[in-house]
Amino acid sequence: MPASTVIPVLAYPDVSEAVAWLCRAFGFRERLRIGNHRAQLAVGGGAVALSRQIGDPASASPAGYSIMVRVADADAHYRKALAAGALIVSSPADFPYGERQYTAEDLAGHIWTFSQTVADVDPAKWGGRLVGDLLD
């Protein structure tokens, strides 16, 4: 995961095409590629993630985006969100890429994923490919 605390996740019909265009047009740098369905781009000291848009764009989250936020303790954060009435889309779970995450919908229907790094895993072990570094 990039070191950024807040990471926008934008959905595109073709992630490869979006990576090429965003890098060419806006000077972003590709950091990580995961198959043909996900990528991370470096933007100054921050990052943006791209995901493949699946199905009808109108049925995706508002405007085809979600927000990812790094947290110190995903389980504690989950309990607080649940107690506050957040609609839980997916409960906390560990993923092979070293993150523990849960996803919730806020009062306006925006999708938020909260992510805690639990292990430093080489992207090659779960199907990713490190392309560059945020500090390049």
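Use the structure listed above.
Residues numbered from 1 in each chain as written. Predicted model: local features only at pLDDT ≥ 70, side-chain atom pairs only at ≥ 80, totals over all residues. Heavy atoms only, no water.

Break down the side chain of Ser51 for me, with residues and values.
Among the secondary structure elements, Ser51 is positioned in strand β4 (residues 46–52). Here Ser51 falls in the buried class, since its relative accessible area comes to 14%. Aside from chain neighbours lying at most four places away, what touches Ser51 is Val9, Leu10, Ala11, Tyr12, Val15, His37 and Arg38. (Helix = DSSP H or I, 4+ residues; strand = E, 2+ residues; numbered from the N terminus. Buried < 20%, exposed > 50% of the residue type's maximum accessible area, 1.4 Å probe, protein only. Contact = heavy atoms within 4.5 Å.)

Outline the pairing of strand β1 (residues 6–12), listing residues and values.
Across five bridges, the pairing between β1 and strand β5 (residues 65–70) is antiparallel. For Val9, the partnering residue across the bridge sits in β5 and is Ser66. Two elements, β1 and β4, share four bridges in a ladder whose sense is parallel. Across the sheet, Leu10 pairs through a bridge with Leu50, a residue of β4. (Pairing = 2+ DSSP bridges.)

Could you give an account of the packing of aromatic side chains, with specific residues and numbers?
With the rule as written, the count across this model stands at five aromatic pairs. Consider the rings of Phe95 and Tyr97, whose centres lie 5.3 Å apart with planes at 10°: the pair is stacked. Plain terms: the ring middles of Tyr102 and Phe114 are 5.2 Å apart, the flat faces sit at 25° to each other, and that makes the pair stacked. Taken together, the residues Tyr102 in strand β7 (residues 99–105) and Phe114 in strand β8 (residues 111–117) connect sequence positions 12 residues apart. For Phe114, a relative accessible area of 11% translates into the label buried. Here a set of aromatic residues connected by ring pairs shows up, and it is made of Tyr78, Tyr102, Trp112 and Phe114. (Phe/Tyr/Trp six-rings, centres within 6.5 Å; stacked < 30°, edge-to-face > 60°.)

An account of the pattern of salt bridges is needed here, citing residue identities and associated values.
Two side chains carrying opposite charge are able to pair once their charged atoms lie near each other. Scanning the model with the defined rule gives three salt bridges in all. Residue Arg100 pairs with Asp75 through a salt bridge whose shortest N-O separation is 3.0 Å. Separated by 25 residues along the polypeptide, Arg100 in strand β7 and Asp75 in helix α2 (residues 74–83) bring together distant segments of the chain. A salt bridge links Asp94 to Arg100, with the shortest nitrogen-to-oxygen separation between them at 3.0 Å. Residue classification places Asp94 among the exposed residues on the basis of a relative accessible area of 52%. Linked through salt bridges whose partners overlap, the residues forming this network are Asp75, Asp94 and Arg100. (Salt bridge = Lys/Arg side-chain N within 4 Å of Asp/Glu carboxyl O.)

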